[in-house]
Amino acid sequence: MGRYSTSYRMNRVFRPDRAALVVPIDHGLVWGRVKQLEAPVQVMKRFLTEDVTGFMVSTGIVKASEVEMAAAPQMARILAIDAFWPTSAPATGTGTLVASVEDAVRLGVDCVKLLLPWNVNDAEKVLYCQRIGTVVSEAAKWQMPVMVEPVFLNTPRSPEIVEAELEVARVAYDLGADIIKITFPGPDATAKLCAELDIPVVVAGGPLSGDAKSTLKDVTDAIAAGAQGVVVGRKVWQRPEDETSWLIGEMAKATRSAFTRRW
């Protein structure tokens, strides 16, 4: 029997009958005008008619889509509240909060999300841990779930990096994250992480690569391994529209057929 959350917002992010299928459109925060995401609210409108469970957004997108989202109350929203620049130079770059937990509550979102880059300098690691700890403390006052994303920025995904991300996921857990978002480390490592931490793990799609069938396999494998959701953006909205609709439909089936609720 799983451990079920009684938090209102957590139950909006994670429905009882399926894994979350979240479309992130917050990329402009760190990368500016991303290809196929030049008009983010238009991308959101495209996916409002698809079988997804919500969006990962920025403050600007929330403000620009209030009418549409008020008419689609079933959709969850996860607000990115920090950023890092430049992602191409993690050793010298800087992270910062760009919104507060209070902003998130006022905007009516269901969760806040922060990065936890670990190929940064030691001083930056200290600042990240301090920021995340402060956000976790503030979020508890409002019952706002906190998602933390361990990541090695601008680094090829070797077996060593995948293993290292699992280590940083433990740091995120100990800082008080309610949800861990991690780039898919393979089914075995996903199952291991879910069993060890016993909090919801969601798997990120990452950059556009491979064909639609390989993306579908990764998503299905991640959910079957215990992931409570997937966050897939560039791998869907950078594909041709007819292919995207097929892929979303198949991923939505997997969120129900391969899913076991475990928290």
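Okay, so let's go over this structure. (Residues numbered from 1 in each chain as written. Predicted model: local features only at pLDDT ≥ 70, side-chain atom pairs only at ≥ 80, totals over all residues. Heavy atoms only, no water.)

**Points about the overall build of the protein**
Then, number 1: The number of helices and strands found in the protein is twelve helices and ten strands.
Then, number 2: Taking 263 residues into account, the globule formula puts the C-alpha radius of gyration at 18 Å, and the protein, at 17 Å, falls close to it.
Then, number 3: Dimensions of the protein along its principal axes, counting C-alpha atoms only, are 45 × 40 × 40 Å.
Then, number 4: In the protein, which comprises 263 residues, the share counted as buried stands at 52%.
Then, number 5: The long-range fraction of contacts in the protein, counting pairs at least 24 apart against all pairs at least 6 apart in sequence, stands at 72%.
Then, number 6: When the accessible surface of the protein is split by element, carbon and sulfur atoms take 54% of a total near 11,400 Å².
Then, number 7: Each charge class in the protein was averaged separately, 29 positive and 31 negative side chains, and the resulting centres sit 3 Å apart. (Helix = DSSP H or I, 4+ residues; strand = E, 2+ residues; numbered from the N terminus. Rg over C-alpha atoms; globule rule 2.2 N^0.38 Å. Buried < 20%, exposed > 50% of the residue type's maximum accessible area, 1.4 Å probe, protein only. Contact = heavy atoms within 4.5 Å. Areas by Shrake-Rupley, 256 points an atom, 1.4 Å probe, with all protein chains shown as cover. Lys, Arg positive; Asp, Glu negative; His and termini not counted. Charge placed at Lys NZ, Arg CZ, Asp CG, Glu CD.)

**Details of the pairing of strand β3 (residues 76–80)**
Then, number 1: The element β3 is extensively covered by neighbouring structure, given that five of its five residues are classed as buried.
Then, number 2: Residues Ala76, Ile78 and Ala80 line one face of β3 and the alternating positions Arg77 and Leu79 line the opposite face, and both faces are buried.
Then, number 3: Here strand β2 (residues 54–57) pairs with β3 via four bridges, running parallel. Bridging across to β3, Met56 finds its partner in Ile78.
Then, number 4: Pairing of β3 with strand β6 (residues 111–117), which is carried by three bridges, proceeds in the parallel orientation. In the strand pairing of β6, Ile78 is matched with Cys111. (Pairing = 2+ DSSP bridges.)

**Structural notes on the sheet that holds strand β8 (residues 179–183)**
Then, number 1: Around the barrel, which closes on itself, the eight strands sit in the order β1-β2-β3-β6-β7-β8-β9-β10 with parallel pairing between neighbours. Looking at each pair of strands side by side, their axes are set apart by 25° on average, direction ignored.
Then, number 2: Relative to strand β10 (residues 229–231), strand β1 (residues 20–24) runs parallel, the two sharing three bridges. From the neighbouring strand, Val22 faces β10, where its bridge partner is Val231.
Then, number 3: Its contacts with the sheet place helix α7 (residues 122–142) against β6 and β7 (146–151), and it is angled at close to 165° to β6. (Axes fitted to C-alpha atoms, helices over the stretch in contact; angles between N-to-C directions.)

**Regarding the pattern of salt bridges**
Then, number 1: Taken as a whole, this structure holds 17 salt bridges when the rule is applied.
Then, number 2: Put simply, Arg18 and Asp51 hold a salt bridge, and the shortest N to O gap is 2.8 Å. Taken together, the residues span a long stretch of sequence, with Arg18 in the loop between α1 (8–13) and β1 and Asp51 in the loop between α3 (40–48) and β2 at a distance of 33 residues.
Then, number 3: Judged by its relative accessible area of 2%, Arg18 is buried. (Salt bridge = Lys/Arg side-chain N within 4 Å of Asp/Glu carboxyl O.)

**Considering unusual backbone geometry**
Then, number 1: Look at the link from Trp85 to Pro86: it is a cis peptide, with omega at -20°.
Then, number 2: Located in the positive-phi region is Gln36, a residue other than glycine, with phi close to 75°.
Then, number 3: The topology assignment puts Gln36 in the loop between α2 (28–31) and α3.
Then, number 4: By relative accessible area, Gln36 is classed as partly exposed at 38%.
Then, number 5: A positive phi angle, near 55°, is found at Asn154, a position not held by glycine.
Then, number 6: Turning to its location among the elements, Asn154 is positioned in the loop between β7 and α8 (159–175).

**A word on the nonpolar core**
Then, number 1: One finds Ile25, Phe55, Ile180, Trp237 and Met251 to be the most contacted residues of the largest nonpolar core, which totals 74 residues.
Then, number 2: Once residues lying within four places of it in the same chain are set aside, the contact partners of Ile180 are Val148, Pro150, Ala169, Ala172, Tyr173, Leu197, Ile199, Pro200, Val201 and Val202.
Then, number 3: In terms of nonpolar packing, the next biggest core, distinct from the first, is built from 13 residues, Phe14, Ile78, Cys111 and Met147 among them. (Core = buried A, V, L, I, M, F, W, Y, C linked by side-chain atoms within 4.5 Å.)

**Some thoughts on the pairing of β1**
Two faces make up the sheet, and in a regular strand the side chains alternate between them.
Then, number 1: The buried count for β1 comes to five of five residues, which makes it a mostly enclosed element.
Then, number 2: The alternating pattern of β1 places Ala20, Val22 and Pro24 and Leu21 and Val23 on opposite faces, both of which are buried.
Then, number 3: Examined bridge by bridge, β1 and β2 share three bridges and lie parallel to one another. Considered in β2, the bridge of Val23 is made with Phe55.

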